[in-house]
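# Breakdown of the fold
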Amino acid sequence: MDNADDDEIVRRIIEGVDELNIPPPTPVDNIIREITNSFTSIEECNIVTGQPKNADVTKYFETNPELLALVKAGDNYFLAEETTRYVALHGMVSQGDVARIVAALFRSAELNAVDRGETSPDTIKALCDNFPKQLSGGLALIKDEIFWKIPTPTFNFLPEDLSAWQQLHDTNYMPWIGEGSYPNIIVQGDNFEIWPIGEVAESELMSEPGIHACLNRTQLKVALENVQQDIRDFLVPLRSWAMRFYPADAEELVACFTKAFVDSNSD
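Everything in this summary refers to the structure shown in the same document. Predicted model, so just to flag it, every value in this text is computed and none were measured.

## What to know about the overall build of the protein chain
- For the protein chain, the count of helices and strands is 11 helices and seven strands.
- Across the 267 residues in the protein chain, those meeting the buried criterion constitute 42%.
- Per element, the accessible surface of the protein chain, about 14800 Å² overall, is 54% carbon and sulfur.

## Observations regarding the packing of aromatic side chains
- This model, assessed by the stated rule, comprises seven aromatic pairs.
- Ring geometry for Trp241 against Tyr246: centres 5.6 Å apart, planes inclined by 50°, an arrangement best described as tilted.
- The structure contains a cluster of three or more aromatic residues connected by ring pairs, namely Phe39, Trp241, Phe245 and Tyr246.

## Concerning the pattern of salt bridges
- By the definition in use, this model includes 12 salt bridges.
- A salt bridge links Lys53 to Asp230; the nearest nitrogen and oxygen atoms lie 3.3 Å apart. Of the two residues, Lys53 is situated in the loop between helix H3 (42-45) and helix H4 (55-63) and Asp230 in helix H9 (residues 217-233); the sequence distance between them amounts to 177 residues.
- The partly exposed category is assigned to Lys53, whose relative accessible area is 31%.
- A cluster of three or more residues bridged by salt bridges with shared partners is formed by Asp29, Arg107 and Glu110.

## Details of the packing of helix H2 (residues 27-36) against helix H5 (residues 95-116)
- Two elements in contact, H2 and H5, have axes whose closest approach is 10 Å; the angle formed by their N-to-C orientations is 175°. The angle between H2 and H5 places the two elements in the roughly antiparallel class. Of the residues in H5, those in contact with Val28, Asp29, Ile31, Ile32 and Ile35 of H2 are Ala99, Val102, Ala103, Phe106, Arg107 and Glu110.
- In the contact of H2 with H5, the residues fall into eight nonpolar, no polar and three charged.

## Section: the sheet that holds strand E7 (residues 213-216)
- Read from one edge to the other, the open sheet built from three strands follows the order E5-E6-E7, with strand pairing classed as antiparallel. Two strands bound the open sheet, and with one partner strand each, they are strand E5 (185-188) and E7. Across the sheet, the mean angle separating the axes of adjacent strands is 20° when strand polarity is ignored.
- Pairing of strand E6 (residues 191-194) with E7 involves four bridges; the strand directions are antiparallel. Bridge pairing in E7 links Phe192 to Leu215.
- Relative to the sheet, H9 contacts E6 and E7, its axis offset from that of E7 by approximately 90°.

What counts and what doesn't
Residues numbered from 1 in each chain as written. Predicted model: local features only at pLDDT ≥ 70, side-chain atom pairs only at ≥ 80, totals over all residues. Heavy atoms only, no water. Helix = DSSP H or I, 4+ residues; strand = E, 2+ residues; numbered from the N terminus. Buried < 20%, exposed > 50% of the residue type's maximum accessible area, 1.4 Å probe, protein only. Areas by Shrake-Rupley, 256 points an atom, 1.4 Å probe, with all protein chains shown as cover. Phe/Tyr/Trp six-rings, centres within 6.5 Å; stacked < 30°, edge-to-face > 60°. Salt bridge = Lys/Arg side-chain N within 4 Å of Asp/Glu carboxyl O. Axes fitted to C-alpha atoms, helices over the stretch in contact; angles between N-to-C directions. Parallel < 35°, antiparallel > 145°, perpendicular 65-115°, else oblique. Contact = heavy atoms within 4.5 Å. Nonpolar A, V, L, I, M, F, W, Y, C, P; charged D, E, K, R; others polar. Pairing = 2+ DSSP bridges.

Structure below.
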């Protein structure tokens with residue numbers, strides 16, 4: 001193949017792209033690209049910061065139900081693993097995962113700005129000035145390495161979801177979107193039956209009729225305390241990532257996240 005053939009192929013590719021009418025990148029697209037391009041290697045992206053969980057805590061949740069705070073940080077709905085759309089908040093996430101969460105915060109702030117007819121944030125400082133009070137995600141219930149309840153990407157948000165589980169512990173009542181209580185949690189005195197729904201219920205693991213997860217009030221209390229600690233521990237890798245790539249605004253970013261996602265999820 002000669003140079004003329006190469007040029008013709010390139011010309012056709014360019015014409016094909018032009019025909020797609022792809023809109024120009026938004027300011028948020030540019031800052032997200034800047035964030036994702038900040039790593040020079042996979043190894044650098046996967047640097048883990050923060051302290052691992054106490055060994056006793058890890059051992060406890062190997063045999064007891066666990067609540068895990070997840071935030072939606074991807075839109076690939078064709079992935080086999082549901083959790084690949086989410087990043088778990090805890091102290092041992094990679095710097096790449098932190099970058100995904102900050103990118104999700106930018107996207108959330110952009111949507112808020114569009115709704116208000118304002119300019120989308122294109123810097124960390126601008127993000128802090130218009131920091132989202134809610135980030136799509138919520139709490140997943142895990143038992144025997146199975147996700148029994150996975151947050152709904154659009155409607156569940158971290159503060160409300162945590163407070164809902166807290167209300168279940170305190171009052172035996174699980175609030176739900178709309179009227180009434182959550183239909184897939186049955187209260188039996190100090191015990192709670194969690195029935196799988198959606199993709200979880202339809203999986204082969206859930207094919208046996210009547211299968212559900214159980215946890216008692218003591219287990220729920222421990223799970224709530226642990227997930228609150230996970231949210232606090234996330235500040236360690238968040239600060240490490242921000243100090244490395246955006247040092248001038250690092251402390252303000254951590255303060256904004258603390259106010260929105262730590263203070264609102266504390267006792």
